[in-house]
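Given next are the chains, with one letter for each unit.
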There are 2 protein chains.
Amino acid sequence: MGFMSMSFSSRTVTSLALALLALPACQHAKRSTTDRDASGGLTFALAIHGGAGTIDPSTPDQVFDRYRAALKAALTHGHDMLAGGASALDTCEAVVRLLEDEELFNAGKGAVFNAASEHELDASIMDGATLRCGAVAGVRTVRHPISLARKVMSETRHVLLAGDGAEVFADQAGVERVDNAWFDTPARKQALERLQQREQRDKRGAQAVPTDRRLDYGTVGCVALDQAGHLAAATSTGGMTGKRWGRIGDSPLLGAGNYADGFAAISCTGTGEEFIRHAIARSVTARMQFGGQTLEAAAHAEVFDVLKKGDGGLIAVDRSGKIAMPFNSTGMYRAAADSSGRFSVAIFGGEDEVGDGVQR
Amino acid sequence: MGFMSMSFSSRTVTSLALALLALPACQHAKRSTTDRDASGGLTFALAIHGGAGTIDPSTPDQVFDRYRAALKAALTHGHDMLAGGASALDTCEAVVRLLEDEELFNAGKGAVFNAASEHELDASIMDGATLRCGAVAGVRTVRHPISLARKVMSETRHVLLAGDGAEVFADQAGVERVDNAWFDTPARKQALERLQQREQRDKRGAQAVPTDRRLDYGTVGCVALDQAGHLAAATSTGGMTGKRWGRIGDSPLLGAGNYADGFAAISCTGTGEEFIRHAIARSVTARMQFGGQTLEAAAHAEVFDVLKKGDGGLIAVDRSGKIAMPFNSTGMYRAAADSSGRFSVAIFGGEDEVGDGVQR
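Because the structure is a prediction, the values reported are computed rather than measured.

A.B. asks: Residue-level account of the overall build of chain A, with values.
C.D. replies: Counting secondary structure elements, chain A contains 10 helices and 13 strands. The buried share of chain A, taken over its 360 residues, is 61%. Within chain A, residue pairs in contact and separated by at least 24 positions form 68% of the contacts whose partners lie at least 6 positions apart. Accessible surface, chain A as shown: approximately 13600 Å² in total, 54% of it carbon and sulfur.

A.B. asks: With reference to specific residues and values, describe the side chain of Asp338(B).
C.D. replies: All names here are of chain B. As for its position among the elements, Asp-338 is in strand β12 (residues 331-338). Comment: no salt bridge for buried Asp-338; closest opposite-charge side chain is Arg-342, at 4.8 Å. Apart from residues no more than four positions distant in its own chain, Asp-338 is found in contact with Leu-42, Phe-44, Ala-45 and His-79.

A.B. asks: Can you break down the relation of the copies chain A and chain B residue by residue, with the values?
C.D. replies: Under the fitted operation, chain A is carried onto chain B by 0.0 Å of movement along the axis and a turn of 180°, and the coordinates agree to an RMSD of 0.0 Å. Both chain copies can therefore be described as sitting about a two-fold axis. Of all interface residues in chain A, 98% are interface residues in chain B too; the two copies therefore contact each other through one and the same surface.

A.B. asks: Can you explain the environment of Leu161(A)? Please cite residues and give values.
C.D. replies: Checked against the element boundaries, Leu161(A) lands in strand β4 (residues 160-162). Residues Leu161(A) and Gly138(A) lie 23 residues apart in sequence; the distance between their C-alpha atoms is 8.9 Å. In this view, Leu161(A) contacts Ala135(A), Val136(A), Ala137(A), Val152(A), Ala166(A), Phe169(A), Arg244(B), Trp245(B), Gly246(B) and Arg247(B); residues no more than four positions away in its chain are not counted.

A.B. asks: Hey, could you go over the side chain of Thr219(A) for me, with residue numbers and the actual values?
C.D. replies: Residues and elements named next belong to chain A. In this fold, Thr-219 is placed in the loop between α6 (186-201) and β5 (220-225). A distance of 2.7 Å separates the side chain of Thr-219 from the side chain of Thr-237, its partner in a polar contact. Excluding anything up to four places from it in sequence, Thr-219 contacts His-49, Gly-50, Gly-51, Asn-106, Thr-235, Ser-236, Thr-237, Ser-251, Cys-268 and Thr-269.

A.B. asks: Give a detailed account of the nonpolar core, specifying residues and quantitative values.
C.D. replies: Among the nonpolar cores identified, the biggest contains 97 residues, and Leu314(A) and Leu314(B) are the most heavily contacted of them. The leading source of residues in this core is helix α9 (residues 295-306) of chain B, at 5 residues. Once you skip the residues sitting within four places of it in the chain, Leu314(B) turns out to touch Ile266(B), Ser267(B), Cys268(B), Ile280(B), Val284(B), Ala299(B), Val303(B), Ala324(B), Met325(B), Pro326(B) and Met332(B).

A.B. asks: Any details on helix α5 (residues 163-173) of chain B? Residues and values, ideally.
C.D. replies: An α-helix turns once per 3.6 residues; consequently, residues spaced three or four apart project the same way. All names here are of chain B. Those residues of α5 that fall on the buried side of the exposure criterion are Gly-165, Ala-166, Glu-167, Phe-169, Ala-170 and Ala-173. In the core, the buried residues of α5 are packed alongside β3 (132-139), α4 (145-155) and β4 (160-162). One or two positions beyond α5, positive phi appears at Gly-174, with a value near 75°.

A.B. asks: Now, about the pattern of salt bridges: what can you tell me, with residues and values included?
C.D. replies: With the rule as written, the count across this model stands at 32 salt bridges over all chains. For Arg244(A), the salt bridge identified is with Glu199(A), shortest N-O distance 3.3 Å. With Arg244(A) in the loop between β6 (231-237) and β7 (247-248) and Glu199(A) in helix α6, this residue pair connects regions lying 45 residues apart in the sequence. Across the pair Glu274(B) and Arg277(B) runs a salt bridge, and its minimum N-O distance is 3.2 Å. Placement of both Glu274(B) and Arg277(B) in helix α7 (residues 272-277) is noted, with a separation of 3 residues, approximately one turn of the helix. Arg277(B) carries the same exposure label as Glu274(B), and that label is buried.

A.B. asks: Give me the lowdown on helix α3 (residues 88-101) of chain A, citing residues and values where you can.
C.D. replies: Residues and elements named next belong to chain A. With 14 residues, α3 should cover 20 Å at 1.5 Å per step; its first-to-last C-alpha distance of 20 Å lies within 8% of that length. Among the 14 residues that make up α3, 10 are buried, leaving the element largely enclosed by the rest of the structure. Buried residues of α3: Ala-88, Leu-89, Thr-91, Cys-92, Glu-93, Ala-94, Val-95, Val-96, Leu-99 and Glu-100, and no others.

A.B. asks: I'd like a rundown of the sheet that holds strand β2 (residues 121-127) of chain B, residues and numbers included.
C.D. replies: Within the open sheet, the 9 strands sit side by side as β7(A)-β4(B)-β3(B)-β2(B)-β6(B)-β5(B)-β1(B)-β12(B)-β13(B). Their pairing is mixed. Among the strands making up the open sheet, the edge pair consists of β7 of chain A together with β13 (343-348) of chain B. The pairing of strand β1 (residues 45-53) of chain B with strand β5 (residues 220-225) of chain B spans 5 bridges and is classified as antiparallel. Within β5(B), the position partnered with Leu46(B) by the bridge is Ala224(B). Relative to β5(B), helix α3 (residues 88-101) of chain B is tilted by about 160°, and along the sheet it contacts β1, β2, β5 and β6 (231-237) of chain B. Where α5(B) meets the sheet, it contacts β3 and β4 of chain B, and its direction lies at approximately 105° from that of β4(B).

A.B. asks: Pulling in residues and values, what's your account of the sheet that holds strand β8 (residues 258-260) of chain B?
C.D. replies: Residue and element names in this part refer to chain B. An order of β8-β9-β10-β11 is seen for the 4 strands of this open sheet, with the pairing classed as antiparallel. Of all strands in the sheet, those bounded by a partner on one side alone are β8 and β11 (323-324). Bridge analysis of β8 against strand β9 (residues 264-270) gives 3 bridges, and the strand direction is antiparallel. Within β9, the residue paired with Asn-258 across the bridge is Ser-267.

A.B. asks: Please set out the interface of chain A and chain B residue by residue, giving values where relevant.
C.D. replies: It is common to give the size of an interface as the accessible area lost on bringing the parts into contact. With 48 residues of chain A in contact, the opposing surface of chain B contributes 47 residues. Area buried by chain A at its contact with chain B is led by Arg157(A), Trp245(A) and Arg277(A), which between them contribute 22% of it. For the interface between chain A and chain B, the tally reads 0 salt bridges. Those elements that provide at least two residues to the side of chain A that touches chain B are α1 (2-28), β3 (132-139), β4, α5 (163-173), β7, α7 (272-277) and α8 (280-291) of chain A. Examining the composition of the side of chain A that touches chain B, we find that 6 residues originate from one element, α8(A), more than from any other. Of the residues belonging to the side of chain A that touches chain B, the class tally is 25 nonpolar, 12 polar and 11 charged.

A.B. asks: An account of the pairing of strand β13 (residues 343-348) of chain A is requested, with residue identities and associated values reported.
C.D. replies: Residues and elements named next belong to chain A. Most of β13 sits inside the fold, with 5 of its 6 residues counted as buried. Alignment of strand β12 (residues 331-338) against β13, held across 5 bridges, turns out to be antiparallel. Paired with Gly-331 across the strands is Phe-348, a residue of β13. The turn linking β12 back onto β13 is made up of 4 residues, and Gly-341 within it adopts a positive phi angle of 105°.

A.B. asks: Let's hear about the packing of aromatic side chains: which residues, and what values?
C.D. replies: Tallied over the full model, the rule gives 10 aromatic pairs over all chains. Taking 5.7 Å as the distance between ring centres and 65° as the angle between the ring planes, the aromatic pair formed by Tyr67(B) and Phe105(B) counts as edge-to-face. One end of the pair, Tyr67(B), is in helix α2 (residues 61-83); the other, Phe105(B), is in the loop between α3 and β2, with 38 residues separating them in the sequence. Residue Tyr67(B) shares its accessibility class with Phe105(B), and that shared class is buried. By way of ring pairs, the aromatic residues Tyr67(A), Phe105(A) and Tyr333(A) are connected into one cluster.

A.B. asks: Let's hear about the packing of α3(B) against α4(B): which residues, and what values?
C.D. replies: All names here are of chain B. It is the contact of α3 with α4, at a shortest axis distance of 8 Å, that shows an interaxial angle of 150°. Comparing their axes, α4 and α3 come out roughly antiparallel. Residues Leu-89, Asp-90, Glu-93, Val-96, Arg-97 and Glu-100 of α3 lie in contact with α4, whose contacting residues are Pro-145, Ile-146, Ser-147, Arg-150 and Met-153.

A.B. asks: Before we move on, could you go through the packing of helix α4 (residues 145-155) of chain A against α5(A) and cite the residues and values that matter?
C.D. replies: All names here are of chain A. Interaxial distance between α4 and α5 falls to 10 Å at its minimum, and their mutual angle equals 75°. In terms of orientation, α4 and α5 fall into the roughly perpendicular class. Note on element contacts: α5 touches α4 through Ala-166, Phe-169, Ala-170 and Ala-173, opposite Leu-148, Lys-151, Val-152 and Glu-155. When the residues that make up the contact of α4 with α5 are grouped by side-chain class, the tally is 6 nonpolar, no polar and 2 charged.

Thresholds, definitions, all that
- Residues numbered from 1 in each chain as written.
- Chains lettered and ligands numbered in written order.
- Predicted model: local features only at pLDDT ≥ 70, side-chain atom pairs only at ≥ 80, totals over all residues.
- Heavy atoms only, no water.
- Helix = DSSP H or I, 4+ residues; strand = E, 2+ residues; numbered from the N terminus.
- Buried < 20%, exposed > 50% of the residue type's maximum accessible area, 1.4 Å probe, protein only.
- Contact = heavy atoms within 4.5 Å.
- Areas by Shrake-Rupley, 256 points an atom, 1.4 Å probe, with all protein chains shown as cover.
- Lys, Arg positive; Asp, Glu negative; His and termini not counted.
- Salt bridge = Lys/Arg side-chain N within 4 Å of Asp/Glu carboxyl O.
- Least-squares fit on C-alpha atoms with pLDDT ≥ 70 in both.
- Polar contact = N/O pair within 3.5 Å; in protein donor to acceptor, adjacent residues only side chain to side chain.
- Core = buried A, V, L, I, M, F, W, Y, C linked by side-chain atoms within 4.5 Å.
- Expected span 1.5 Å × (residues − 1).
- Pairing = 2+ DSSP bridges.
- Axes fitted to C-alpha atoms, helices over the stretch in contact; angles between N-to-C directions.
- Buried area = accessible area lost by both parts, 1.4 Å probe.
- Nonpolar A, V, L, I, M, F, W, Y, C, P; charged D, E, K, R; others polar.
- Phe/Tyr/Trp six-rings, centres within 6.5 Å; stacked < 30°, edge-to-face > 60°.
- Parallel < 35°, antiparallel > 145°, perpendicular 65-115°, else oblique.

Below, the structure written as structure tokens:
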């Protein structure tokens, strides 16, 4: 009878277990929960992106080598911080600061030019353990917008500061400022000129010229799970080449281009307006919270079922350390590492799967 | 046998119907779906708010009478538009324009003062049928920020424009501009002075003085379902009394303070930072989409389980015309009407339930 009872209950137990797994995720989970998923075993994990877009495969290998080297350096830094016990929040900020200083990417130094041949930078950061967050939009003279976003989070009662006001706060918070021209790079200047020539040729006016994602990819982001089981996300960008009228994209908008809670941390890159419209970052965690979906299923659904081909992609990590990096463009500069020894850098599709990542 | 078969199948049909209702909502529903819920029967519905906060019940009745009259006028206008076949989008814009011109509310004329004794206005609008949306933040000279948000939606490829750039666009789009002082009202000036006196007395500095929601309630919003089955949401605000550093709240952030899709339309009011942090507006529709929750359950959960007491409230309407207006503050200026003859205005809790709304 003991045997029969056990044999009978195995299916029941499975059903019960499934029900218990599904129910809390769907209805009752606390969003601030950071208990580790027993199935994982990973003690930390992080992912990085340097933008998604139409990447021309005929680009010389030397250029891709530079991107891979920059991603590898940032990944190494983040990996070593997490391995040493740093918080996800500190790691995300530090990694994004490195990427902001790298002129290959459209964030900080190397940011795209707006229609007035200037730079307007956006960034946000969020702590999944507490849901505290900070963001800045349209700042022109802050070397590391991600650190200003962190100060908004830690030193004000606000979440989002914009424009000149955010720079007054930067001085008060002791955040480094530079001349707007400090962000200039010849490549981004050429991209603006190409866009403006196209707009002049096109008699329908600037608004009718299709967005050319080749001209402004390079938003950067980092998501991390730390050894305390806390998640964080950070995103920084120069926005869209030739943007006008104080346009703000998804990167500084929590829930759109960046989000972290007790389920996952997400950083997005692509055509910002689409990520705002669909509230992509929050929708990924909402699928997990209310629909019981896995991180991979949730991230895949938002990128392939909700967004349109070419819109971009995202990086995400959940509380068990699982990483998802789906994108619907030809490529996404990305990198991932975790406590199991995973350490890879990739640009085009399929590189993660075939395992041709850079070795340390 | 016919009888038995019918009697047998009534439960089965109920179960099947419930399963069919639950499944698509949880996983498979298209967010742009606007098919009418067969259980409803309402052909249109709308709800309006004029802010939530700590409303002093000892306020003279004449003041409440003014609020009720203003809400009733806006509700009548919106009701008559929808009854006449106007779109939800046009109705939301028109109703919010009326509320922006009413100086009782913290939007347009009557907006609160920032720390520099000026006004910075935020607004957003969203079409649930197409997920098209537009928003403006930190505008200083636009009489009807909601109409500028509508122009961002209809005439640009962007979603959110901020600051001076948004005003350059306003001129191009032919949207009325006024002097910043046009928004001045004595009551809001006094609120700023009270706050500044308190900040001077409190040696811990401005950031440590607790937010006093009595000083800035009055954000306005409208959500509507039209006879074509389309949903829309619009929200407009002057933000927080004494705000500084270009602070942007939740009202212009789609997914935070305002959102509409094929499931519901939501407009929020309260301590903006909390609505951003929790992505409240999108979370309501996400609970319906991924969790199969009703509008009432979803809205109630966000306001009472996710937000803290005193944070504020929201108005929401779903595609069957059901309305939810939960708030966790002492009151929320609100009004609701639909095609069944419902027509009510309320301020404190319990007024909707006991039916003491204003009669037409």
